[in-house]
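Chain residues, written in single-letter form:
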Amino acid sequence: MKPFLSWAGNKYSVIGQISALMPKGERFIDVFCGSGAVFMNVKFDKYLVADMNEDLIFLFQEVKRNPVAFTSISRALFDNFKGQDGYHKVRKMFNQKDQSGITTIKAAQMLYLNKHCYNGLFRRNLKGLLNSPYGHREKVYFPEKEMMGFHTIAPLCEFYCWGYESTLAQAGMGDVVYCDPPYAKKPDAAMFTQYSGAAWGMTEQLKLLERCMQAHERGAKIVISNSDSEEIISLYRSAGFLIHMIPTRRKIAAASSSRAKVMDILAIKE
Ligand SMILES: C[S@@+](CC[C@H](N)C(=O)[O-])C[C@H]1O[C@@H](n2cnc3c(N)ncnc32)[C@H](O)[C@@H]1O
């Protein structure tokens, strides 16, 4: 199932490899869900889906709650607001403060902005206003088929705007926890991490691992994606994780359309 959102760092291109390695369990916990490419493509009885991006979680909740109104409003936006001018009009409406309460319209505006902005970068400035630039795509695809796919799994999902610590505190016996955090910065790859959001330093990576180990002690199985930096690999190995190499392609700079072959890792502790 293809996600209906465009999201920097999404795992859709390697989902076959990730889902083949995913351990079995009752509940899947997607701690850093982003586009949702991973939870939408693994089979569990139920799903706890979280991310600290408020806009993103609000959008998932609203698409789940109001599918028919959401689809018709967002289609009308795609049809009626074309080109750069149309994009700036919708962005201005989205950034107006007096919109609270009209949730379905706001969620539809977010889908429109996600699909029309530059590379799906959903970025707010310090004043809290969305300031992602226009994407200049020749054709913008309305992801109706992908949204219908999402509706088949949505009733099994609960969406939460939580930081990873709160989400991991929920995990225990019967759960499979998947973490796809901002990657550890590699000394030779400043551009990769810059492109896919703020890279995490070692302090944050260690804190995440510590919380994962606590969840594992409570009975959860843990799966973590990360870059193949030597430091990260030895950190996970020393904590008893099995390391799988996942060949992938990544944009090498924000301004570039070329993709370089790189390795990610999938670290698993059952
Ligand atoms: C690499 S992306 C995840 C991509 C996702 N697996 C997909 O396939 O689309 C990392 C996500 O982590 C989220 N994030 C960053 N810091 C976080 C934190 N402290 N707690 C929870 N989520 C966080 C970001 O909002 C972003 O959506």
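Reference entry: report on the structure contained in this document.

### A short note on the overall build of the protein chain
Of the regular secondary structure elements, the protein chain holds ten helices and seven strands. In the protein chain, which comprises 270 residues, the proportion classed as buried is 49%. At a minimum sequence separation of 6, the contacts of the protein chain that also span at least 24 residues come to 68%. As presented, the protein chain carries roughly 13,300 Å² of accessible surface, and 54% of it is formed by carbon and sulfur atoms.

### So, the state of the cysteines
Linking two cysteines covalently via their sulfur atoms produces the bond known as a disulfide. With the rule as written, the count across this model stands at zero disulfides. With no disulfide of its own, C33 lies 9.6 Å from the sulfur of C161, the closest cysteine sulfur. Exposure remark for C33: the relative accessible area of 7% places this residue in the buried category. Here C179 stays unpaired: no disulfide links it, and the sulfur of C212, its closest cysteine neighbor, is 3.8 Å away. On the basis of relative accessibility, which here comes to 0%, the residue C179 falls in the buried class.

### Let's talk about the pattern of salt bridges
For the structure on display, the rule yields ten salt bridges. Linking E62 and R65 is a salt bridge whose minimum nitrogen-to-oxygen distance equals 2.8 Å. Here the residue E62 and the residue R65 both occupy positions in helix α2 (residues 54-65), the gap between them amounting to three residues, near one helical turn. On the basis of relative accessible area, R65 is assigned to the exposed category, the value being 53%. Three or more residues joined by partner-sharing salt bridges are found here, namely E165, E204, K207, E210 and R211.

### Examining the site of the ligand
The environment of the ligand is made up of 19 residues, and the closest members are W7, K11, S35, D51 and D180. One of the backbone nitrogen or oxygen atoms of Y164 is found 3.0 Å away from a nitrogen atom of the ligand. D180 has a polar side-chain atom sitting 2.6 Å from a nitrogen atom of the ligand. Burial of the ligand by the protein chains amounts to 88% of its free accessible area of 600 Å². Of the residues that constitute the shell around the ligand, the class distribution is nine nonpolar, seven polar and three charged.

### Thoughts on the side chain of D51
As for its placement among the helices and strands, D51 is situated in strand β2 (residues 46-51). Here the side chain of D51 touches G34 through a polar contact of 3.0 Å, landing on its backbone nitrogen. Non-local contacts of D51, meaning those with residues more than four positions away in its chain, are made with V31, F32, C33, G34, L56, I57, Y160, C161 and W162.

### Some words on the nonpolar core
Side chains of nonpolar character tend, in soluble globular proteins, to be buried together. The biggest cluster of nonpolar side chains holds 50 residues, and the ones touching the most others in it are F4, M22, F28, F39, Y47, F60 and F150. It is helix α5 (residues 103-116) that provides the largest number of residues to this core, a total of six residues. Structurally, this core is a two-domain feature, drawing no fewer than three residues from each of domain 1 (12-52 + 162-269) and domain 2 (61-146). Residues in contact with Y47, not counting those within four places in the same chain, are R27, F28, F39, V42, I153, L156, C157 and E158. Counting residues in each nonpolar core, the second largest holds 27 residues, with F32, A171, L209 and I233 among its members.

### Let's talk about helix α9 (residues 202-217)
For α9, with 16 residues, the first-to-last C-alpha span of 22 Å sits near the 22 Å given by 1.5 Å per residue. All of the buried residues in α9 are Q205, L208, L209, C212 and A215. End-on, the buried residues of α9 take up no more than an arc of 120°, which puts them together on one face. Among the exposed residues of α9, those oriented more than 90 degrees off its buried face are T203 and E217. Of the surrounding secondary structure, the elements contacted by the buried residues of α9 are α7 (164-169), β4 (175-179), β5 (221-227) and α10 (230-238). In the stretch just after α9, G219 is the one whose phi turns positive, near 110°.

### Looking at the environment of D30
Structurally, D30 can be placed in strand β1 (residues 27-30). Distance from D30 to Y47, taken between C-alpha atoms, is 7.6 Å for residues 17 residues apart in sequence. Beyond its immediate chain neighbours, meaning those up to four positions away, D30 contacts V38, F39, L48, V49, A50 and Y178.

Rules and cut-offs
- Residues numbered from 1 in each chain as written.
- Predicted model: local features only at pLDDT ≥ 70, side-chain atom pairs only at ≥ 80, totals over all residues.
- Heavy atoms only, no water.
- Helix = DSSP H or I, 4+ residues; strand = E, 2+ residues; numbered from the N terminus.
- Buried < 20%, exposed > 50% of the residue type's maximum accessible area, 1.4 Å probe, protein only.
- Contact = heavy atoms within 4.5 Å.
- Areas by Shrake-Rupley, 256 points an atom, 1.4 Å probe, with all protein chains shown as cover.
- Disulfide = S-S within 2.5 Å.
- Salt bridge = Lys/Arg side-chain N within 4 Å of Asp/Glu carboxyl O.
- Near = heavy atom within 4 Å.
- Polar contact = N/O pair within 3.5 Å; in protein donor to acceptor, adjacent residues only side chain to side chain.
- Nonpolar A, V, L, I, M, F, W, Y, C, P; charged D, E, K, R; others polar.
- Core = buried A, V, L, I, M, F, W, Y, C linked by side-chain atoms within 4.5 Å.
- Domains from an automatic or database assignment.
- Expected span 1.5 Å × (residues − 1).
- Arc of directions from axis to C-beta.

Read these as layout, nothing more, since geometry by itself doesn't imply function.
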